[in-house]
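Breakdown of the fold
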Amino acid sequence: MIADGPLRHADERLGPWITGSRLPDGAAEFLADLGGVAIAAPVLAAAIAYAGWRGHRSGAFRWWLPPAVAAVAMVAVPVLVIPLKELIARTGPPGMDGTGYYPSGHTATAMVSYGGAALLLLPYLRGTYARRELVIACALLNFGVGLGLVRRGYHWPLDVVASWCLFGMVLQGMVLVVARYGRRATDADTGAGADQPK
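Calculation notes
Residues numbered from 1 in each chain as written. Predicted model: local features only at pLDDT ≥ 70, side-chain atom pairs only at ≥ 80, totals over all residues. Heavy atoms only, no water. Axes fitted to C-alpha atoms, helices over the stretch in contact; angles between N-to-C directions. Helix = DSSP H or I, 4+ residues; strand = E, 2+ residues; numbered from the N terminus. Parallel < 35°, antiparallel > 145°, perpendicular 65-115°, else oblique. Left-handed = near helix turned anticlockwise from the far one by under 90°. Contact = heavy atoms within 4.5 Å. Nonpolar A, V, L, I, M, F, W, Y, C, P; charged D, E, K, R; others polar. Core = buried A, V, L, I, M, F, W, Y, C linked by side-chain atoms within 4.5 Å. Buried < 20%, exposed > 50% of the residue type's maximum accessible area, 1.4 Å probe, protein only. Expected span 1.5 Å × (residues − 1). Bend = angle between axes of the 7 residues up to and from the residue. pLDDT = per-residue confidence, 0-100.

One can describe the packing of helix H3 (residues 37-58) onto helix H5 (residues 105-121) by two numbers: an axis separation of 9 Å at closest approach and a directional angle of 20°. By the angle between their axes, H3 is roughly parallel relative to H5. Seen along the crossing, H3 lies across H5 with a hand that is left-handed. Residues Val 37, Ile 39, Ala 40, Ala 41, Val 43, Leu 44, Ala 47, Ile 48, Tyr 50 and Ala 51 of H3 pack against Thr 109, Val 112, Ser 113, Tyr 114, Gly 116, Ala 117, Leu 120 and Leu 121 of H5. Its residues assigned to classes, the contact of H3 with H5 comprises 15 nonpolar, three polar and no charged.

Okay, structure coming up:
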């Protein structure tokens, strides 16, 4: 049904509408490139290093857990995406060769890298406004990557949506860890969590 069926027909109707949009080719290519491992993974690596350093410095309880979960989430990208691409064997949009376009690996990489980085940094930001702005920026960035991939004809829209759904669940698991242990790291920074075990 995904490789060929009603969903494919929906893609074939929606895809040309996006590829024919007014978004310039250069901007679309730039956005699509932001989903590449060479660009996205270092962003997550920097956030992992920073969160680990801050958590360790504060002596927070299990400070290493949120950075470790973020690293595991990044490893999960190829572990989940590659078998699904092989299993579904979906052909790409016109002009793209072969199969293996569903789900989008670039979209998954962007979701985990930028979403994971944002989640790691949230506990260390002061004020609701800064946190809200980071979440909005992360959401717009991920939307932009997906839009760029479809606009340039590298993926069907559903390839992108599938990765958003799949790795949205992965990030939800990370949210639970950061909510429990990231908050303690912030408390420890301010001295509020001094009685927590180290």
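Within the largest apolar cluster, 20 residues are counted, with the highest numbers of intra-cluster contacts made by Leu 44, Val 77, Val 112, Leu 119, Leu 120, Phe 167 and Met 174. Going through the elements one at a time, H3, helix H4 (65-88), H5 and helix H7 (157-190) are the ones with two or more residues in this core. Tallying contributions element by element places H5 first for this core, with six residues. Not counting the four nearest positions on each side in its chain, Val 77 is found in contact with Ile 82, Gly 105, Ala 108, Thr 109, Val 112 and Phe 167. Formed by 13 residues, the second largest nonpolar core is a distinct cluster that contains Ile 18, Leu 34, Leu 149 and Val 150.

Turning next to H3. The terminal C-alpha atoms of H3, which comprises 22 residues, lie 31 Å apart, in line with the 32 Å expected from a rise of 1.5 Å per residue. Among all positions in H3, only Ala 40, Leu 44, Ala 47, Ala 51, Gly 52, Arg 54, Gly 55 and Ser 58 are buried. Where H3 ends, the next residue or the one after it, Gly 59, has phi of about 70°, a positive value.

On to the packing of H4 against H5, then. In contact at an axis separation of 10 Å, H4 and H5 are set at 170° when each is read in the N-to-C sense. With respect to each other, H4 and H5 are oriented roughly antiparallel. Of the residues in H5, those in contact with Pro 66, Pro 67, Ala 70, Ala 73, Met 74, Val 77, Val 81 and Lys 85 of H4 are Gly 105, Ala 108, Thr 109, Val 112, Ser 113 and Leu 120. Its residues assigned to classes, the contact of H4 with H5 comprises ten nonpolar, three polar and one charged.

For H4, which comprises 24 residues, the first-to-last C-alpha distance of 34 Å matches the rise-based estimate of 34 Å (1.5 Å per residue) to within 8%. Most pronounced at Ala 76, the bend in H4 amounts to some 30°, and the proline Pro 78 follows within four residues. For H4, the set of buried residues is Leu 65, Pro 66, Pro 67, Ala 70, Ala 73, Met 74, Ala 76, Val 77, Val 81 and Lys 85.

With 83% of its residues at a pLDDT of 70 or more, the protein has an overall mean of 86. Element-level mean pLDDT values for the protein span from 69 in helix H1 (residues 6-19) up to 96 in H5. Of the regions scoring below 50 in pLDDT, residues 190-198 engages in nine contacts with residues more than four places distant in sequence or in other chains.

For the rest of this paragraph, the subject is the environment of Gly 168. Here Gly 168 lies in helix H7. A relative accessible area of 28% means that Gly 168 is categorised as partly exposed. For the pair Gly 168 and Ala 108, spaced 60 residues apart in sequence, the C-alpha separation works out to 9.1 Å. Beyond its immediate chain neighbours, meaning those up to four positions away, Gly 168 contacts Met 111 and Ser 163.

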